[in-house]
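The lines below spell out each chain.
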Amino acid sequence: MRLLIRVMEARNLPATDSNGLSDTYVKVQLGKQKFKTKVVKKNLNPNWGEEFSLRVEDMNEEVLISVLDEDKYFNDDFVGQLKVPVSLIFDADNKSLGTAWYALQPKNKKSKIKDCGEILLGICFSQNNLFVDLNNNGDQASQLMKNADVITGVPSRPCGGLSSSSSSGRFEELAPPKEEKSCSQKKFAVRIVQMFNKNSDTASFASNRGLDNTGLPETAEPEACDDESDDPSSPGDFVEVMREMESKDTGNEIPSNLPGGVLVDQFYIIAPQDLNSLLFSPDSSFPRSLADLQGNTEQEFGPWRFESDGETLKRVVTYIKAATKLIKAVKATEEQTYVKADGKVFAVLLSVSTPDVMYGSTFKTELLYCITPGPEMPLGEQTSHLVISWRMNFLQSTMMKGMIESGARQGLKDSFEQFASTLSQNVKPVDVKDIGSTKEQVLASLEAEPQSDWKLAVQYFANFTVVSTFFIGLYALVHIWRCPLSPIQGLEFVGLDLPDSIGELIVCGVLVLQCERVLQLLSRFMQARVQKGSDHGVKAQGEGWLLTVALLEGSNLAAVSSSGFCDPYVVFTCNGQTRTSSIRFQKSDPLWNEIFEFDAMDEPPSVLDVEVYDFDGPYDDITSLGHTEINFVKSNVSDLSDVWIPLRGKLAQACQSKLHLRIFLNNTRGNNVVQEYLNKMEKEVGKKITLRSPQTNSAFQKLFGLPSEEFLINDFTCQLKRKMLLQGRLFLSARIIGFHANLFRQKTKFFFLWEDIEDIQVYSPTLSSIGSPTIVITLRLGRGMDARHGAKTQDEDGRLKFHFQSFVSFNVAHRTIMALWKARALTPEQTAEIVEEESEAKILQTEESLFGLEDVNLSEVYSSGVSVPQLQLRYQVEDVPSKPRGCHVHVFIGIAWQKRTKHQKRITKNIISNLEDRLKMVFSVVEREFLNR
């Protein structure tokens, strides 16, 4: 049997803080069950509005309701309390005390404060949770009634009594008799009889129990706690609440995944609203079956309620979490809040607190459920995309943070594996192969809107300019036809008829301007018809990463002409390739249904630029109606299969313009694409690049929140130069360059695209760079603003500059950065210029040292002109143009130290001196040998 207690509000509470206010909360206790409300800060008339469900095991127990003042540094201060016997509630009409104001009492009679304020409570028994089912267990009920008749037939004295003061409104328990155990059994039997028999015979038992109910306070609003009528979380009301949430939706964006990682990412064959109901509806059996599987007990679901602002929808779920190998069974409180619910997209944030575990008061585990529409299946079934992400929200710092995160990660992983398995038994998941196969079916279903040339011509030319020009011209022709020829006068001659007045001159000027405008419209219309086919249906060539964009429609495009419409067309640009749509005449909500394919690329694309233009603006120059950028690094490709993209720009933002796109990115080379790309980069870098393990790539993707197709190429330890040097690691992948540092638990993390880089320079070693060369990366104007906290300076044009220094292997790091930048961001002409500059520099570097150590700088120790045609030596030998039978020999030496020593300079000097003398002797002998031949 469950007892429901609604803690609503309090009034006239005494002040316990020095500021004359209180930070109050309510604690409800029945036996070993304890619950508490939220804390209302600085308020003597707080409003809580929370409900608790208590399990009743003994009718002699009493509910203790205490009001306390929260104190962060000392014990919480006592405000007032109230004791309510359970038996008194059971004996009331409909087993409910209704909603009433109760006077709070001090802890003891010696307390100085007598007036502790009042609290508004709703107390009743739940009629839906009886431990005996009348329908299914009728035999058990009848047997219990017989047993009760036998027990109550024995004469007995009253088991106890209650007295109450109507003036104070409090309940006080009388001392129980000595035969407490036997009396409680008799009383329990009477309660069972009353539960199954509502007639007057049962009522007679209540009159003989010695209970006095005259002390009940006057109720402010008599109500029976009937869950079916008052509970807002009943199934029918949940649908109404979702409709109300949909009506209140402001169009805010879907929240991004939490940084802890993704636990579930799966498509299911079910409508989004149905999946939302399955997971969060009060009548859904899925949460209960999942709790049984995971071993969670005593699960209680609070009702869905709107907060005081009327916008936030919340409910509280409590349960006993099953014990694990490391942690015993603990109580968990889960607060579920709807972040977004617009009928198609649902986002629910769960905040789970477990204060009973070690350090449980220092953190909360947060989970984000995102339900979005998925691609339509071949048979027309709706699909939903469920993504569950998590993070740890630390309320205060603790040295055990890393251990807590590690333990929570493993526990969540195991729990949500069971979650996904249980959900798959209720809803059929969608195979990834099936989603890929639907691409062709989705694109095949698109049909371009048929355009009639005559219809378009009427729409295009049906404007004031053309119509007025036609009538003025017709009027002039009728005038010429009806008027006789005028005599030649003034400066006129045969064949030249000039205006005879100012009025005629103005009319002629207007006609000329109107005709010019009409001819311009006609010329633009003919050019647009030439562009009618656009790039729609042009198939991609090659193998690699294939990008397919389906342009469906536009919404609320800005009107830039006097007609109130525009003539829009869209230009897509990706990796230097451009695709252009056809022009839609006189449309503000155009329908295209056109498909564009980009030729295969060796690496996944980073950005797709989208620009919308008006073909016939108010001036000769084309007008931009808006633009946007689709970042594949920050977006999940599956989320782009059907998406509305808002446009940016003054005109677009003023009109809230949008484009409806379907974007697909496929890899036709399979799993070998990564290794092929690394082999290509090895030739550019001149050093072996090792393929990273899946675990390393997964950690890299999680660190920067990257999609699954991103892979790590190399990483280097270095220093980021800002106001202070920051030691960290520089991560390089095919599409991004990122930096991460964790100094004294202060994390610094950022990344930007290779396409964002405008220039890379190397500064010579200085004292401030600790004798190390510095790589300075300059971004393009307006790019990389998310990473501006890592930039050292910003030049006069507003471009960000990043300084990296103190590389362990500067040459390898510099070559890798330059190779990746040239492969992603530079045009072939820019790449040729850089190669030419590097060849002119003639900087000689060794690829590998003899001992497999890092690269070292080489210095020339010998140079001489030798009268020898050519030597087969491992030295640099160059022809000397002035000597047909001569060559020039350069010998370089580099020393790699395996261990530091204070005598490095002396040893280096001796080696170079001895080697120089030996080389002079060797080449003098070689020269004499060839001269003597």
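Structure's up top.
Residues numbered from 1 in each chain as written. Predicted model: local features only at pLDDT ≥ 70, side-chain atom pairs only at ≥ 80, totals over all residues. Heavy atoms only, no water.

Caption draft 1: Fine view of the sheet that holds strand β5 (residues 62-69). Spatial ordering of the open sheet is given by β3-β2-β5-β6, a layout of four strands whose pairing is antiparallel. The sheet terminates laterally at β3 (33-36) and β6 (77-85), the two strands that pair on one side only. Within this sheet the neighbouring strands show an average axis-to-axis angle of 15°, counted without direction. Pairing geometry for β5 and β6, over eight bridges, is antiparallel. In the sheet register, Val 63 faces β6, and the bridge partner there is Val 84. (Pairing = 2+ DSSP bridges. Helix = DSSP H or I, 4+ residues; strand = E, 2+ residues; numbered from the N terminus. Axes fitted to C-alpha atoms, helices over the stretch in contact; angles between N-to-C directions.)

Caption draft 2: Inspection of the pairing of strand β14 (residues 313-321) at higher detail. Looking at chain direction, strand β12 (residues 297-301) and β14 are connected through three bridges and run antiparallel. Looking at the pairing, Thr 297 lines up with Ile 320 of β14. Pairing between strand β13 (residues 305-306) and β14: two bridges, direction antiparallel. Pairing of Phe 306 across the sheet is with Leu 313, part of β14. Between β13 and β14, which pair antiparallel and follow one another directly, the connecting turn spans six residues, one of which, Gly 310, has a positive phi of 75°. One ladder, built from nine bridges, connects β14 with strand β15 (residues 330-341); its direction is antiparallel. Note that in β15 the partner of Val 317 across the bridge is Glu 334.

Caption draft 3: Geometry of the side chain of Lys 801. Note that Lys 801 resides in strand β34 (residues 800-805). Not counting chain neighbours up to four residues away, the residues in contact with Lys 801 comprise Ile 777, Thr 778, Ala 791, Lys 792, Thr 793 and Asp 795. (Contact = heavy atoms within 4.5 Å.)

Caption draft 4: The side chain of Thr 362, seen in detail. Tracing the backbone through its elements, the reader meets Thr 362 in the loop between β16 (346-353) and β17 (363-373). Of the polar contacts made by the side chain of Thr 362, one reaches the backbone oxygen of Tyr 359; its length is 2.6 Å. The residues contacting Thr 362, other than those within four sequence positions of it, are Asn 393, Phe 394, Leu 395, Gln 396, Thr 398 and Ile 404. (Polar contact = N/O pair within 3.5 Å; in protein donor to acceptor, adjacent residues only side chain to side chain.)

Caption draft 5: Structural detail: the packing of aromatic side chains. Per the counting criterion, the structure on display carries 26 aromatic pairs. By the ring-pair criterion, three or more aromatic residues cluster together here, those being Phe 238, Phe 280, Phe 286, Trp 304, Tyr 338, Tyr 369, Phe 416 and Phe 419. Over the face of the ring belonging to Trp 101 we find Arg 11, whose NZ or CZ atom lies 3.7 Å from the ring centre. For the cation-ring pair, Lys 36 lies above Tyr 25, with the distance from its terminal atom to the ring centre recorded as 4.4 Å. (Phe/Tyr/Trp six-rings, centres within 6.5 Å; stacked < 30°, edge-to-face > 60°. Lys NZ or Arg CZ within 6 Å of the ring centre and 35° of its normal.)

Caption draft 6: Representation of the environment of Pro 646 within the structure. Tracing the chain through its elements places Pro 646 in strand β25 (residues 643-646). With sequence-adjacent residues up to four places away left out, Pro 646 is seen in contact with Thr 628, Ser 657 and Lys 658.

Caption draft 7: Just the packing of helix α8 (residues 286-294) against helix α9 (residues 401-426), in detail. Taken N-terminus to C-terminus, the directions of α8 and α9 make an angle of 135°; their axes are 10 Å apart at the nearest point. Between α8 and α9, the crossing angle belongs to the class labelled oblique. By crossing handedness, the relation of α8 to α9 is classed as right-handed. For the pair formed by α8 and α9, the contact residues are Phe 286, Ser 289, Leu 290, Leu 293 and Gln 294 on the first element and Ser 415, Gln 418, Phe 419, Thr 422, Leu 423 and Asn 426 on the second. (Parallel < 35°, antiparallel > 145°, perpendicular 65-115°, else oblique. Left-handed = near helix turned anticlockwise from the far one by under 90°.)

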